[in-house]
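Residue-level structural notes
The lines below spell out each chain.
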Amino acid sequence: MEYIYLIAAFNAFFFTVLIWQKKPRAFRDKILVCWLLYLGAYTGCYAFFSSTLFTLHPILAAAFISLFLLHGPFMYLYASALVTEKSRLTRKELLHFVPFLIFNTYLAIASQIPSLVKGVNMMYVDNQTEPSAFLLFFLTITALSGPVYFLQTIMLLRKHNVNIFNNFSNTEEIDLYWLRKLVLIFGIVWSALLVVVIIHHGFYLFSSTFCTNGLFLLLSVFIILIGYFGLKQRTIFAQTMPPTQPETAEQTVKYAGSSLKQEEAEAFAEKIRLFMQSDKPFLNPDLTLGELSDALAIPAHHLSQVINEVFGLNFFNFVNRYRVDEVKQKILNPKYDNYSVLGIALECGFNSKTAFNRIFKHMTGLTPTEYKKTHNSQRISL
């Protein structure tokens, strides 16, 4: 088992070097580097000292366990740095590390008072020594911090997903699907291990080593995945996006304070229709709400409101509907008989086969090949 921890620690340091060499280095990269350094050192120390730490050094063992309080904050702050434009942590964000500091302040005080040292015991099942109420309190906070931060991170990433669909026509590599899935899976496993920890402390089953081995094995897998995908993750230009907004179900509330009048909205809608048909800006695979706003000379918040309320779509679906219509026309056009379906899709603004097939099937109910066969008799004669 120790070899797995050491491999994970090596990977953490290896990915740290690679990420630190990136140019330019974004703030999110700095957080990821700190996170990986923490995980690498933590896992490596556990591999070397776990056999004696919990039996011979109770204060150090408790301090070692308190380091789990850093994992959740690092994860949440990394996700936050990915979806927002920032160059440093705010004072409010630094509060995430306060529980860790309080826990270790208690341990520092307990180490100087003999009566308190007896209550700081991570192996009470074997030694028949009950832990103090303070230690149990801090261990409970430590155990709960994982699920709490997993949940907060999932909620943050869901809001981000709504936001990018309202601002980007292409979500490849910016939807953070990999991070959402990773956080969800590990959140479930972490919560399951939490149940084991509770059983251990409540019913004197299993052992501390069994619990910590499971947590560090989980961290070892997490290190490899977060390092690999974090290295590949490109910058998300979050500064081009307005504050996160709810989906169209809450449009009335969302635009309640808007100064846009009905007549103006209809005029803007007509202007948008004509521009989309004549200039075909959707052929740009990386078209954003900001770029379309500049081209139309319509404020971005008004453009978003018109697309949401008048057309009943978010920006992503609005633009891709035009791309799908363009693909449908060209598939049936004899001039494009020598083109592959993917070649046509790329000409129409899609930038990957996977995204094209998914969007086309979602909007038409058919795959591109099925659509071509079904509508073969309707070919355009030009």
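Attention here is on the structure that accompanies the text.

About the cut-offs
- The numbers attached to residues start from 1 for each chain and follow its sequence in the written order.
- Totals for whole chains, interfaces and linings use all residues, but because this is a predicted model, local features are given only for residues with pLDDT of at least 70 and pairs of side-chain atoms are given and counted only at 80 or more.
- Hydrogens and waters are ignored; side-chain quantities use all the structure's heavy atoms.
- Secondary structure elements are taken from DSSP: a helix is a run of H or I of four residues or more, a strand is a run of E of two residues or more, and numbering for both begins at the N terminus.
- Each residue is placed in one exposure class: buried if its accessible area under a 1.4 Å probe, protein chains only, is under 20% of its type's maximum, exposed if it is over 50%, and partly exposed if it falls in between.
- Pairs of residues are marked as contacts when any of their non-hydrogen atoms sit within 4.5 Å.
- Here the open area of atoms and residues is found with the Shrake-Rupley method and a 1.4 Å probe, where only the protein chains shown may cover a residue.
- Any Lys or Arg side-chain nitrogen found within 4 Å of a carboxyl oxygen on Asp or Glu counts as a salt bridge.
- In a helix, the anticipated span is given by 1.5 Å times the number of residues less one.
- Summarising the geometry, the arc corresponds to the directions from the helix axis toward the C-beta atoms.
- Each patch groups residues whose relative accessible area exceeds 30% and which form no salt bridge, using 9 Å between like charges and 5 Å between nonpolar side chains of Val, Leu, Ile, Met, Phe, Trp and Tyr.
- Pairing of aromatic rings covers Phe, Tyr and Trp, the last counted by its six-membered ring, and requires centre-to-centre distances within 6.5 Å; plane angles under 30 degrees mean stacked, over 60 mean edge-to-face, and any other angle means tilted.
- Look at NZ for Lys and CZ for Arg. If either is within 6 Å of the ring centre and within 35 degrees of the ring normal, a charge sits over the ring.
- Helix axes use the C-alpha atoms of the stretch in contact, all axes being lines fitted to C-alpha atoms, and the angles between their N-to-C directions lie in the range 0 to 180 degrees.
- Roughly parallel refers to an angle under 35 degrees, roughly antiparallel to one over 145, roughly perpendicular to one between 65 and 115, and oblique to any angle outside these ranges.
- When residue character is reported, Ala, Val, Leu, Ile, Met, Phe, Trp, Tyr, Cys and Pro are called nonpolar, Asp, Glu, Lys and Arg charged, and the others, Gly included, polar.

Along the backbone of the protein there are 19 helices and zero strands. Counting over 382 residues, the protein shows a buried share of 47%. Restricting to contacts in the protein with at least 6 residues of sequence separation, those with at least 24 account for 72%. Accessible surface computed for the protein: about 19700 Å², of which carbon and sulfur atoms make up 63%.

Turning our eyes to something else, we now look at the pattern of salt bridges. Side-chain pairs of opposite charge can arise whenever the charged atoms involved come near each other. A full pass over the atoms with the stated rule returns seven salt bridges. Two residues, Lys 328 and Asp 325, come together in a salt bridge whose shortest N-O distance is 3.8 Å. Linking Lys 328 with Asp 325, this pair stays in helix H16 (residues 315–331), spanning three residues, or about one helical turn. Take Lys 328: its relative accessible area is 23%, and that puts it in the partly exposed class. Through salt bridges with shared partners, one network takes in Lys 280, Glu 326, Lys 330 and Glu 347.

An α-helix turns once every 3.6 residues. As a result, residues three or four positions apart point the same way. In this model helix H1 (residues 2–20) runs 27 Å from its N-terminal to its C-terminal C-alpha over 19 residues, within 8% of the 27 Å that 1.5 Å per residue would give. Along H1, the residues that are buried comprise Tyr 5, Ala 8, Ala 9, Asn 11, Ala 12, Phe 15, Thr 16 and Ile 19. The arc enclosing the buried residues of H1, seen along the axis, measures out at 160 degrees, which places them on a common side. Pointing more than 90 degrees away from the buried face of H1 are the exposed residues Tyr 3 and Phe 10.

On the surface, Tyr 3, Leu 6, Phe 48 and Phe 49 cluster together to form a nonpolar patch covering roughly 490 Å² of accessible area. Elements supplying a minimum of two residues to the nonpolar patch: H1 and helix H2 (27–56). Topologically, Tyr 3 is positioned in helix H1.

Let us now look at the packing of aromatic side chains. Counting across every chain of the model gives 33 aromatic pairs. Ring plane angle 75 degrees and centroid distance 5.1 Å describe the contact between Tyr 228 and Phe 229, whose orientation is recorded as edge-to-face. Site record: aromatic cluster; members linked through ring pairs are Tyr 5, Tyr 38, Tyr 42, Tyr 46, Phe 64, Phe 68, Phe 74, Phe 97 and Phe 216. Over the face of the ring belonging to Trp 20 we find Arg 25, whose NZ or CZ atom lies 3.7 Å from the ring centre.

Attention now goes to the packing of helix H3 (residues 58–66) against helix H6 (residues 98–110). Working note: a packed helix pair is described by the angle between its axes plus the distance between those axes. Viewed as axis vectors pointing N to C, H3 and H6 meet at an angle of 175 degrees, and their least axial separation amounts to 10 Å. Classed by the angle they form, the pair H3 and H6 counts as roughly antiparallel. In contact with Ile 59, Ala 62, Ala 63 and Ser 66 of H3, H6 contributes Phe 100, Phe 103, Asn 104 and Leu 107. In terms of residue class, the contact of H3 with H6 is built from six nonpolar, two polar and no charged.

Everything listed here is a matter of geometry and, on its own, says nothing about what the molecule does.
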